[in-house]
Amino acid sequence: RDPARGGRVALKLVAEKLAPSPALRARFLREAQLASDLAHPNLVHVVETGEHRGRPFVAMELVEGVDLERVMRSGRPFPVEWTVDVLRQVCEGLHRAHVSGLVHGDLKPSDIRVNAEGIVKIVDFGVAALKPDDRGDDGRLLCGVHYRAPELIEGRRPDARSDVYALACVVYEML
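Reading the values: the criteria
- Residues numbered from 1 in each chain as written.
- Predicted model: local features only at pLDDT ≥ 70, side-chain atom pairs only at ≥ 80, totals over all residues.
- Heavy atoms only, no water.
- Helix = DSSP H or I, 4+ residues; strand = E, 2+ residues; numbered from the N terminus.
- Buried < 20%, exposed > 50% of the residue type's maximum accessible area, 1.4 Å probe, protein only.
- Contact = heavy atoms within 4.5 Å.
- Areas by Shrake-Rupley, 256 points an atom, 1.4 Å probe, with all protein chains shown as cover.
- Pairing = 2+ DSSP bridges.
- Core = buried A, V, L, I, M, F, W, Y, C linked by side-chain atoms within 4.5 Å.
- Polar contact = N/O pair within 3.5 Å; in protein donor to acceptor, adjacent residues only side chain to side chain.
- Expected span 1.5 Å × (residues − 1).

*Asks:* Report on the overall build of the chain, specifying residues and quantitative values.
*Replies:* Each helix and strand in the chain was counted, giving 5 helices and 6 strands. Listing each helix as α and each strand as β along the chain from the N terminus yields β-α-β-β-β-α-α-β-β-α-α. Burial analysis of the chain (175 residues in total) assigns 45% to the buried set. When contacts within the chain are restricted to residue pairs at least 6 apart in sequence, those whose partners lie at least 24 apart make up 66%. With the model as given, the accessible surface of the chain reaches about 10,000 Å², and the carbon-plus-sulfur share is 54%.

In structure tokens:
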């Protein structure tokens, strides 16, 4: 619950063992603040950003509904019209973010939520900044590799094209 504004929020707090370097912390907070300045119906609204005991956090609107990962795991086919509508809404949200200089950088089905009315919201902007190294002890990428653009796998910074690549992978799976 957000005591200042009332209502429920989703809170992301970085685990202590994953607490990023000061440079990554500053980047995360800067990107989260940029996300909070965006107003678009297909982007989750960031309510507050900050640090708690040296760990960055972001409080954002709680988006009711289900994420695409869960929907895709159901194994049921998607109507093409529904898929196109989801794609349109995600593209509109990404366009707004990209025009404002914000890149998701880690887009995957679990970051795309759909509510009961069919409204799509993209969540977790800036969270990619908290992941300085997504590789396990054996050097393999740990998560989201199916949606990673080649430049990200090579260790380069994401840009708008990285988000477009990830979305294309999601749509391919949906179709």
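Now that the structure has been shown, the text picks up again.
*Asks:* Quick one: what's the story with the sheet that holds strand β6 (residues 120-122), residue by residue and with numbers?
*Replies:* The 3 strands are arranged β4-β5-β6 in an open sheet whose pairing can be described as antiparallel. Both edges of this open sheet fall to β4 (66-67) and β6, since each of them pairs with a single strand only. Here β4 runs beside strand β5 (residues 112-114); their pairing, made up of 2 bridges, is antiparallel. The residue of β5 that forms the bridge with aspartate 67 is arginine 113.

*Asks:* Lay out the nonpolar core with the relevant residues and their values.
*Replies:* Core analysis: the largest hydrophobic core is formed by 34 residues, its most contacted members being Leu68, Val90, Ile112 and Phe125. At the level of secondary structure, the elements contributing two or more residues to this core comprise α1 (22-37), β3 (55-61), α2 (68-73), α3 (80-99), β5, β6 and α5 (160-174). Top element by residues in this core is α5. It accounts for 6 residues. Excluding its chain neighbours within four sequence positions, the residues that come into contact with leucine 68 are Trp82, Val86, Pro109, Ile112, Val114, Val170 and Met174.

*Asks:* If you had to explain the side chain of histidine 40 to someone new, which residues and values would you point to?
*Replies:* Tracing the sequence through the fold places histidine 40 in the loop between α1 and β2 (46-52). On the basis of relative accessible area, histidine 40 is assigned to the buried category, the value being 18%. Side-chain polar atoms of histidine 40 contact the backbone nitrogen of asparagine 42, separated by 3.0 Å. Residues within four places of histidine 40 in sequence aside, it is in contact with Glu92, Gly93, Arg96 and Lys121.

*Asks:* Mind laying out α5, listing which residues take part and the relevant values?
*Replies:* The α-helix advances 3.6 residues per turn, and as a result positions three or four apart in sequence lie on the same side. With 15 residues, α5 should cover 21 Å at 1.5 Å per step; its first-to-last C-alpha distance of 21 Å lies within 8% of that length. If you follow the buried residues of α5, they end up packed against α2, α3, β5 and α4 (150-153).

*Asks:* Go over the pairing of β2, please, and point to the residues and values.
*Replies:* Walk down a regular strand and you will see the side chains alternate between the two sheet faces. One ladder, built from 6 bridges, connects β2 with β3; its direction is antiparallel. When the bridges of β3 are listed, threonine 49 appears paired with valine 58. What sits between the antiparallel neighbours β2 and β3 is a turn of 2 residues, in which arginine 53 has the positive phi angle 55°.

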